[in-house]
Amino acid sequence: HDEIIDQFNAFVRGPLLEGIVRSMGKEYHISFSLCIIASLPIFLMGLAEVLGCDGQGGCQKSADKFGYPSVFHYVFANSIM
């Protein structure tokens, strides 16, 4: 089994690593578009939380719970954070 693991490690550290570096660049140089793609899940999750009013059963309930004077203020404040 050790031989198989050594072959796997050699592949990961050799051809696979070279292919990834060629495709994406070194770890200290990441393109802006790749950063956006990597950040997209957290942006979308935040958007879903804001538009879903934090799952409180209604935007007015969320606005009241967090001390906002209106739903507009609640959504606006959460969208710019």
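This report concerns the structure included in the present document.

Concerning the overall build of the protein
In step 1: A count of helices and strands for the protein gives four helices and zero strands.
In step 2: Taken against the 2.2 N^0.38 rule, which gives 12 Å for 81 residues, the C-alpha radius of gyration of the protein at 22 Å runs more than 25% over that of a compact globule.
In step 3: With the principal axes as the frame, the protein shows a C-alpha extent of 65 × 30 × 15 Å.
In step 4: Across the 81 residues in the protein, those meeting the buried criterion constitute 9%.
In step 5: Taken as a whole, the protein presents about 6700 Å² of accessible surface, with 67% of it coming from carbon and sulfur.
In step 6: For the protein, the separation between the mean place of its 5 positive charges and that of its 8 negative charges on side chains is 7 Å.

Describing the packing of aromatic side chains
In step 1: Applying the stated criterion across every chain, the model contains three aromatic pairs.
In step 2: Between Tyr68 and Tyr74 the ring centres are 5.6 Å apart and the planes differ by 70 degrees, which places this aromatic pair in the edge-to-face class.
In step 3: Ring geometry for Phe72 versus Phe76: centroids 5.9 Å apart, planes at 15 degrees, classification stacked. Of this pair, Phe72 and Phe76 both sit in helix H4 (residues 71-80), four residues apart, roughly one helical turn.
In step 4: Under the relative-accessibility criterion, Phe72 is labelled exposed at 59%.
In step 5: Joined through ring pairs, the aromatic side chains of Phe66, Tyr68 and Tyr74 make up one cluster.

Let's talk about the environment of Glu27
In step 1: The residue Glu27 is located in the loop between helix H1 (2-24) and helix H2 (32-51) in this model.
In step 2: Its relative accessible area of 66% is what places Glu27 among the exposed residues.
In step 3: The spacing of Glu27 and Leu51 is 24 residues in sequence and 35 Å in space, taken between C-alpha atoms.

Conventions used here
Residues numbered from 1 in each chain as written. Predicted model: local features only at pLDDT ≥ 70, side-chain atom pairs only at ≥ 80, totals over all residues. Heavy atoms only, no water. Helix = DSSP H or I, 4+ residues; strand = E, 2+ residues; numbered from the N terminus. Rg over C-alpha atoms; globule rule 2.2 N^0.38 Å. Buried < 20%, exposed > 50% of the residue type's maximum accessible area, 1.4 Å probe, protein only. Areas by Shrake-Rupley, 256 points an atom, 1.4 Å probe, with all protein chains shown as cover. Lys, Arg positive; Asp, Glu negative; His and termini not counted. Charge placed at Lys NZ, Arg CZ, Asp CG, Glu CD. Phe/Tyr/Trp six-rings, centres within 6.5 Å; stacked < 30°, edge-to-face > 60°.

Functional significance is not addressed by these values, which are geometric in nature.
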